[in-house]
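# Structural characterization, general
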Amino acid sequence: MTESLETTTDTTDSGPGGYAAARLRLLQEGSRSGPPRRSALAELTDQWLAALLTGGAQTAGIGQGVALVAVGGYGRGELSPRSDLDVLLLHDGSADRSALAALADQVWYPVWDMGLALDHSVRTPDEARATAAEELKVQLGLLDARHIAGDQALTADLRTTVLADWRAQAPRRLPELHALCQERAERHGELQFLLEPDLKEARGGLRDATALRAIAASWLADAPREGLDDARRRLLDARDALHLSTGRAADRLALQEQDQVAGALGLLDADALLRQIYESARIISYASDVTWREVERVLRARSAARPRLRGLLGGLGGRPGGRGGAGGGADTGERSPLAEGVVEQDGEVVLARTARPDRDPVLTLRAAAAAAQAGLPLSPHAVRRLSAAARPLPVPWPPEAREQLITLLGAGESTVGVWEALEAEGLITRLLPDWERVRCRPQRNAVHRWTVDRHLVETAVRASALSRRVGRPDLLLVAALLHDIGKGWPGDHSVAGETIARDVAARIGFDRADVAVLATLVRHHLLLVETATRRDLDDPATVRSVAEAVGGATTLELLHALTEADALATGPAAWSAWRGSLVADLVKRVSAVLAGEPADDWSTPQQTTAEQERLAIEAWRTGGPVLALHARSEALAPGEADGRLTGTAEGPPEEGTTGPEPIGVELLIAVPDQPGVLPTAAGVLALHRLTVRAADLRALELPSELDAAGAAAGVLLLSWRVAAEYGSLPQAARLRNDLLRALDGSLDIVARLAEREAAYRKYPRRRGVHAPPPRVTVAPGSSQLATVIEVRAQDAPGLLHRIGRALEDTGVAVRSAHASTLGANAVDAFYVTDSSGAPLKPMHAAEVAQKVERALTSPSDA
């Protein structure tokens, strides 16, 4: 039965002005938001478009046989403030083409005049089906087709046939959809770990939620429903708030918009917003994983059943029945025991039929450990049953429970999927109540790839690969899981974490001695890397302080492995061969002290490579700077030659050099000892647009026979790790010439950098994150022979130059310097003395720190 267009009624002004005013009133209503507002906006838009269709049909002279159909998000009635309108003008083919074109213009142009984005098409049902068969995006949009106005029977017939086509074609189209989802995830990342997530395109976002609806419509599989609708709603609410706050059809939640969006949603701050979004994304991602796994299982079973069926029917190529036929194996429903109460079935880990979760409190951990060790997913049905019926573990845990937890943590990469399955049903927080504070907690640091909870699991994964290096791998794995547990509490997370680690370790059944070791590991999990990269390892006080904090060789061994696992799980910027070599050197020195050997005195010269000595002698002989550039691959530590010389004072590298692209460059500079070397060298590097990733300065005493007067020859050796800001690296000869001119005063570094800064100010800069102010402190007790000034600041071109100048202006002498860059943050330590070579008095040291901080806080003069 068809509906005449002339009988359609309209309750709104069909002109753009009437719709615009009503739309504005709706969006400004403070009392209506979320699903009610989206539905109301869709209904209001329906009424407007229906009126446009009615008026257009009358003008074009079309009585019936056409319908206006909403598809995609609009079809679902989910219109965000700046959403596109996805509309199909459906017709039965009886109307004249020119009349149809006139009708379409009557509908489309008012929408464009409103400034709304429109995705439109004009098709017959057969054309719509044919296009859907060719274009997956069109087919997905038609699955949500909803009638707006016109011939309702036309819309109903289209819906029926499109759904039938989708179900018939699902075995072919669903793998295509899965591939698109995976490609999108690789391109946009995982929503639950991004600081600026794309709410729609990232994995776990709105597109994946829509894909789950399409899978359900195929009748092949269905997603876990628990929490899924709420997760989707929260993402849509966040997108609505983002549209209203920016006035744009944005899906990417930029950092500068997050506080405003959080306020619009009634949340405390941007962190609360991100945590809510991450939780929603995790639910959708887990549901996607489970559902796609079920789709693959069903398709495998169908594929295996066909040849068996052909065999039973005597078809060609088949073999009569029996278990030896094609497809026998995992999909036959057979169960293979894995552990007490745990079996494998159809490629998943499930509970045995005789399992009794209500009587077996260790069953949850036993099933998880068995799944991780077998490299198999834990069945969502099994997890749901454990969540509903599992008996709580006694406190302290029995030894079997602790062993199963350690087995789970030591399984490597497969631990992650099993852990997420337990998380999905809230089992982790039942086992470890302190986990709730770090669950889905964002880390606003570009160095970190993961949320706090996922970082802890990833650290355990990394630690499992290092377990052969330690005598107590169980303590290493548990320390990895707990090392950042204090980030859910205010204050220093290492201090808070120590207390929590003691409670958790006692809870899971470790004895008093092991609890103390775990607490020490958590308290000092940053000690080695911070000391190695920010302190002078030739200072005996540095080594002794680490030895006192660690207390024993076993703890040091565990801390070394934990440090590496933590850094590797953080992200690529947190660990390198260079950092690894520094930490290993520190561990070697601390081990010697713990074994009763005396710490090396400052006066003991640090081991110098042959190349460093050659450069130092050349610098003393010529009276000027000598330098060398070496390309570094990540696998090499400083001093290891890889044969790829990028540039030296003698000239640039040969053209046509092959090999992997270096991730950084080692720059060695030797200069006769004189004031101002550090800021001058740093300024020259900034002038050549070289980013300093790490730096080290120390003095070398060459043999006295080099000097005719018999005096020891003093040379400063600067070791840099640099990368080109953009473009190619400069030639070493150019760097040397500019450094020579800067040292003799003929090149005014300060003026040149100031000119470049002034040029930058002429162009508007993109609004970004407001960085916290720099902080300069005196590190107490770090050295007995010098005062350690520590600088923490936002990394920027010329930063090390400004710090060096500020220190020089205070009149102190820099004995050594250790600079490191972690993401956008620079953490630099400078060992300084007064003019007599003694450490600064406390008041003098505080004044130096204040002056440096003021110099960095004031507008740059460079």
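Residues numbered from 1 in each chain as written. Predicted model: local features only at pLDDT ≥ 70, side-chain atom pairs only at ≥ 80, totals over all residues. Heavy atoms only, no water.

### Overview of the overall build of the protein
Formally: Numbering goes from the N terminus for both helices and strands, where a helix is a DSSP run of H or I of at least four residues and a strand is a run of E of at least two. Buried means the residue's accessible area, taken with a 1.4 Å probe over protein chains only, is under 20% of the maximum for its type, while exposed means over 50%, and partly exposed covers the values in between. Note on contacts: a residue pair is in contact if any heavy atoms of the two residues lie within 4.5 Å. Calculation of accessible area relied on Shrake-Rupley with a 1.4 Å probe; when residues are assessed, cover is drawn exclusively from the protein chains displayed.
Scanning the protein for helices and strands turns up 30 helices and 16 strands. Classification of the 862 residues of the protein by burial places 51% in the buried group. Across the protein, every contact between residues at least 6 apart in sequence was considered, and the portion connecting residues at least 24 apart equals 72%. Split by element, the accessible area of the protein, about 38,800 Å² in all, is 51% carbon and sulfur.

### Quick word on the packing of aromatic side chains
Rule in force here: Between rings of Phe, Tyr and Trp, where Trp is taken as its six-membered ring, a pair exists when centres lie within 6.5 Å; planes separated by under 30 degrees are stacked, by over 60 edge-to-face, and by other angles tilted. Note on criteria: charge over ring means Lys NZ or Arg CZ within 6 Å of the ring centre, with the direction from the centre no more than 35 degrees off the ring normal.
Under the defined criterion, the tally for this structure stands at four aromatic pairs. Ring geometry for Tyr109 and Trp112: centres 5.1 Å apart, planes at 90 degrees, overall edge-to-face. With Tyr109 and Trp112 both in helix H4 (residues 97-113) and three residues apart, the pair spans about one turn of that helix. Look at Tyr109 and you get partly exposed, because its relative accessible area is 45%. The aromatic ring of Tyr74 is capped on one face by Arg146, whose charged end is 5.3 Å from the ring centroid. The ring of Trp489 has Arg437 lying over it, and the distance from NZ or CZ to the ring centre is 3.6 Å.

### Some words on the sheet that holds strand S4 (residues 146-150)
We apply this condition: Strand pairing requires that DSSP identify at least two bridges connecting the strands. All axes here are fitted lines through C-alpha atoms, helices being fitted over the stretch that makes contact, and every angle between N-to-C directions spans 0 to 180 degrees.
Spatially, four strands are ordered S3-S2-S1-S4 in an open sheet, and the strand pairing comes out mixed. Each edge of the open sheet carries a strand with a single partner, namely strand S3 (118-123) and S4. Ignoring strand direction, the axes of neighbouring strands in this sheet form an average angle of 25 degrees. Of the strands in this sheet, strand S1 (66-70), strand S2 (85-91) and S4 are in contact with helix H2 (residues 34-60), which crosses S4 at around 35 degrees.

### A look at the sheet that holds strand S5 (residues 335-339)
As summarised here, the arrangement of the three strands in space is S5-S6-S7, forming an open sheet in which the pairing is antiparallel. Two strands bound the open sheet, and with one partner strand each, they are S5 and strand S7 (348-351). On average, adjacent strands in this sheet sit at an angle of 40 degrees to one another, irrespective of strand direction. As paired strands, strand S6 (residues 342-345) and S7 are joined by four bridges and run antiparallel to one another. In the strand pairing of S7, Val342 is matched with Leu351.

### Comments concerning helix H26 (residues 677-687)
Of all 11 residues that make up H26, 11 are buried, and the element is covered over most of its length. The set of residues buried in H26 consists of Val677, Leu678, Pro679, Thr680, Ala681, Ala682, Gly683, Val684, Leu685, Ala686 and Leu687. Within two residues after H26, Arg689 carries a phi angle of roughly 55 degrees, on the positive side.

### Considerations on the packing of helix H20 (residues 512-523) against helix H23 (residues 553-570)
We count it as follows: For classification purposes, an angle smaller than 35 degrees is called roughly parallel, one larger than 145 roughly antiparallel, one from 65 to 115 roughly perpendicular, and anything else oblique. It is the rotation of the near helix from the far one that decides the hand of a crossing: anticlockwise by less than a right angle makes it left-handed, clockwise makes it right-handed.
Interhelical geometry of H20 versus H23 gives an angle of 45 degrees and a closest axis separation of 10 Å. Compared by their axis directions, H20 and H23 come out oblique. Here the hand of the crossing between H20 and H23 comes out right-handed. In this structure, H20 uses Val517, Thr520 and Leu521 to contact H23, whose residues at the interface are Thr555, Leu558, Leu559 and Leu562.

### Side note on the side chain of Glu423
Selection criterion: Polar contact is the term for a pair of N or O atoms within 3.5 Å; when the atoms are in protein, one must be able to donate a hydrogen and the other to accept it, and sequence-neighboring residues count only if both atoms are side-chain atoms.
Here Glu423 lies in helix H15 (residues 414-424). The class of Glu423 is buried, set by a relative accessible area of 12%. A polar atom in the side chain of Glu423 sits 2.8 Å from the side chain of Trp435. When near neighbours in sequence (up to four residues on either side) are disregarded, Glu423 contacts Arg282, Ile428, Trp435, Arg439 and Asp453.

### Describing the pattern of salt bridges
Note the threshold: A pair is scored as a salt bridge if a Lys or Arg side-chain nitrogen falls within 4 Å of a carboxyl oxygen belonging to Asp or Glu.
For the structure on display, the rule yields 48 salt bridges. Of the charged contacts, one joins Asp289 and Arg203 as a salt bridge, the two residues approaching to 2.4 Å between their closest N and O atoms. Residue Asp289 is found in helix H11 (residues 270-312), and its partner Arg203 is found in the loop between helix H7 (152-188) and helix H8 (206-218); the two are separated by 86 residues along the sequence. Here Glu790 and Arg535 are joined by a salt bridge, their closest N and O atoms 3.2 Å apart. Highlighted residues: Glu790 in strand S14 (residues 787-794) and Arg535 in the loop between helix H21 (527-534) and helix H22 (540-550), separated in sequence by 255 residues.

### Some words on the packing of H15 against helix H17 (residues 452-465)
For clarity, the cut-off: For this classification, Asp, Glu, Lys and Arg are treated as charged, while Ala, Val, Leu, Ile, Met, Phe, Trp, Tyr, Cys and Pro are nonpolar and the rest, including Gly, are polar.
Where H15 contacts H17, the two axes come as close as 10 Å, and the packing angle between them is 145 degrees. H15 and H17 meet at a crossing whose hand is right-handed. Of the residues in H17, those in contact with Thr415, Val416, Trp419, Glu420 and Glu423 of H15 are Asp453, Arg454, Val457, Glu458 and Val461. Its residues placed into classes, the contact of H15 with H17 shows four nonpolar, one polar and five charged.

### Structural notes on the nonpolar core
For the record, the criterion: We define the nonpolar core as a collection of buried residues of types Ala, Val, Leu, Ile, Met, Phe, Trp, Tyr and Cys that are connected through side-chain atoms lying within 4.5 Å of one another.
Among the nonpolar cores identified, the biggest contains 89 residues, and Leu378, Trp397, Trp419, Leu432, Trp435 and Phe510 are the most heavily contacted of them. Among all residues touching Leu432, those that are not within four sequence positions of it are Trp397, Trp419, Leu481, Val504 and Ile508. Val138, Ala211, Ala217 and Ala231 belong to the second-largest nonpolar core, a separate cluster that totals 57 residues.

### Observations regarding the environment of Glu183
Following the sequence through the fold, Glu183 ends up in helix H7. Separated by 20 residues in the primary sequence, Glu183 and Arg203 place their C-alpha atoms 9.8 Å from one another.

### Regarding the environment of Leu338
With respect to the element layout, Leu338 can be found in strand S5. For Leu338, a relative accessible area of 33% corresponds to the partly exposed category. Beyond its immediate chain neighbours, meaning those up to four positions away, Leu338 contacts Val343, Glu344, Val349 and Ala370.

### Quick look at the pairing of S4
Here S4 lies mainly inside the structure; four of its five residues are buried. The pairing of S1 with S4 spans four bridges and is antiparallel. Residue Ala67 lies in a different strand from S4, and its bridge partner there is Gly150.

### Digging into unusual backbone geometry
Negative phi values dominate among residues other than glycine, just as trans dominates among peptide bonds. Val395 connects to Pro396 through a cis peptide bond whose omega is 0 degrees. Summarising the element assignment, Pro396 is placed in the loop between helix H13 (380-389) and helix H14 (399-409). Positive phi values are uncommon outside glycine, yet Asp346 reaches one of about 50 degrees. You can see Asp346 is positioned in the loop between S6 and S7. Of note, Cys440 is a non-glycine position whose phi angle comes to about 60 degrees, a positive value. Among the structural elements, Cys440 can be located in the loop between helix H16 (427-431) and H17. For Cys440, a relative accessible area of 1% translates into the label buried.

### Quick look at the confidence of the model for the protein
Selection rule: Known as pLDDT, the predictor's confidence for each residue is given on a scale from 0 to 100.
Confidence along the protein averages 84 in pLDDT terms, with 85% of residues attaining 70 or more. Across the protein, the element-wise mean pLDDT spans from 30 in strand S9 (residues 645-648) up to 97 in H20. The low-confidence segment residues 601-605, where pLDDT is below 50, has 11 contacts with residues more than four positions distant or belonging to other chains. Below pLDDT 50 for its whole length, residues 708-712 participates in five contacts with residues either more than four positions away or in separate chains.

### Considering the pairing of S3
Which entries qualify depends on this criterion: Handedness rule for crossovers: strands pointing away from the viewer, path from the first strand over the helix to the second running clockwise, crossover right-handed.
Summarising the sheet, S2 and S3 pair through six bridges and their orientation is parallel. Each bridged residue has a counterpart across the sheet, and for Leu88 the counterpart in S3 is Ser121. A crossover links S2 with its parallel partner S3, the connecting element being H4, and its sense is right-handed.

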